[in-house]
Amino acid sequence: MILGIDLGGTNIRIGRVAKGVIVDKISKPSPSELPLEESLEYLKDAIRNMLADHVTGIGIGVPSVLDISRGIVYNVTNIPSWEEVYLRDILQKEFQLPVYINNDSNCFALGEKEYGLGRGYKDLIGVTLGTGVGAGVVINHNLYGGRNTDAGEIGCLPYLDATLEDYCGSNFFISHYHTTGKDLAAKANEGHTSALKIWDEFGMHMGKLMQAILYVYDPQLIILGGGIADAYRFFGKNMKETMQQFPYPETVKNIEIKVSENADISMLGAAALVSKQISTY
């Protein structure tokens, strides 16, 4: 049994995983505003409540860049007090268990590769669409993150007057239309023309993001996850039409695009860090 932890900006989600199956799970609000020591105790308590005698390791996906070899996380998204935290050493000392840490988007991609829609594919990109835009990269069946686990930060590429993340994450709806993707999805579901037009525009920007992925990685498969991906039916058509502008038609013809079907896939990916002993690149 392994604990798989998805340390998101909004919630901490912890699952007990046995042979690729989540047998029990909890979700708690992230300690976003707590000082460092209090936030670490909060995480320890959440882990302690899910421990059992047969737990053999802990895997954690964190929204940050990391020093994998030393188990350090830096500047964790939405937890300002986590500027430089020796998280692996802290948790191994507390629980006397092996701890494996990686970027949260990498855990999403690894989860899909091992247990989800990416099984059987050699090269894939897992894209998470939420507050930000992240991506995990699998090359030749292996997770690749680069020196600081941020090889998939495709959303940080410059785009228009900002970055791709500003136009393909939730900030697009807030900054440009003073609403949320969730509200627009509800209105689009009711057939509101104005909401559908905004999703069309979003799909165009997503098409540019997908083009960037094709330029950089040219994978077999792209898997979309995160809250915004749930609205794929509203933006997918325009996204694919924009992708047709890519200069290499065969690349667009051959790429497969899927939407994640498992809301817990990042926890499974975090657990896979332990079962596959992924601690370096």
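Everything below is about the structure printed above this text.
So, here's what we can say about the structure.

## Structural notes on the overall build of the chain
Part 1 of the reasoning: Helix and strand counts for the chain come out as ten helices and 15 strands.
Part 2 of the reasoning: In terms of overall size, the chain behaves like a compact globule, its C-alpha atoms giving a radius of gyration of 19 Å where 281 residues would be expected to give roughly 19 Å.
Part 3 of the reasoning: For the chain, the spread of C-alpha atoms along the three principal axes comes to 55 × 40 × 35 Å.
Part 4 of the reasoning: Counting across all 281 residues of the chain, residues that qualify as buried make up 51%.

## Focus: the packing of helix 7 (residues 193-216) against helix 8 (residues 232-243)
Part 1 of the reasoning: Helix 8 packs onto helix 7 with a crossing angle of 45° between their chain directions and a minimal axis gap of 7 Å. Judged by the inter-axis angle, helix 7 sits oblique to helix 8. Where helix 7 crosses over helix 8, the handedness of that crossing is right-handed. Along the contact surface, helix 7 presents Leu196, Trp199, Asp200, Phe202, Gly203, Met204, Met206, Gly207, Lys208, Met210, Gln211 and Leu214, while helix 8 presents Phe234, Phe235, Asn238, Met239, Thr242 and Met243.
Part 2 of the reasoning: Of the residues in the contact of helix 7 with helix 8, the class split is eleven nonpolar, five polar and two charged.

## Things to note about the pairing of strand 14 (residues 221-225)
On a regular strand, each side chain points to the face opposite its neighbour's, so the side chains alternate between the two faces of the sheet.
Part 1 of the reasoning: Strand 14 sits mainly inside the fold: five of its five residues count as buried.
Part 2 of the reasoning: Burial along strand 14 is two-sided: Leu221, Ile223 and Gly225 and Ile222 and Leu224, pointing in opposite directions, are all buried.
Part 3 of the reasoning: Across five bridges, the pairing between strand 9 (residues 124-129) and strand 14 is parallel. Looking across to strand 14, one finds that Thr128 is bridged to Gly225.
Part 4 of the reasoning: As paired strands, strand 14 and strand 15 (residues 256-259) are joined by four bridges and run parallel to one another. Counterpart to Leu224 in the pairing with strand 15 is Val259.

## Observations concerning the packing of aromatic side chains
Part 1 of the reasoning: Applying the stated criterion across every chain yields a total of 14 aromatic pairs.
Part 2 of the reasoning: On the basis of an interplanar angle of 90° and a centroid distance of 5.4 Å, the ring pair of Tyr159 and Tyr167 is categorised as edge-to-face. Residues Tyr159 and Tyr167 agree in their burial class; the two are buried.
Part 3 of the reasoning: When the ring of Tyr167 is compared with that of Phe172, the centres are 6.3 Å apart and the planes differ by 40°; the resulting orientation is tilted.
Part 4 of the reasoning: Residue Tyr167 is classed as buried on the basis of its relative accessible area, which comes to 7%.

Here is what the cut-offs are and how they apply
Residues numbered from 1 in each chain as written. Predicted model: local features only at pLDDT ≥ 70, side-chain atom pairs only at ≥ 80, totals over all residues. Heavy atoms only, no water. Helix = DSSP H or I, 4+ residues; strand = E, 2+ residues; numbered from the N terminus. Rg over C-alpha atoms; globule rule 2.2 N^0.38 Å. Buried < 20%, exposed > 50% of the residue type's maximum accessible area, 1.4 Å probe, protein only. Axes fitted to C-alpha atoms, helices over the stretch in contact; angles between N-to-C directions. Parallel < 35°, antiparallel > 145°, perpendicular 65-115°, else oblique. Left-handed = near helix turned anticlockwise from the far one by under 90°. Contact = heavy atoms within 4.5 Å. Nonpolar A, V, L, I, M, F, W, Y, C, P; charged D, E, K, R; others polar. Pairing = 2+ DSSP bridges. Phe/Tyr/Trp six-rings, centres within 6.5 Å; stacked < 30°, edge-to-face > 60°.

By themselves, these figures tell us nothing about what the structure is for.
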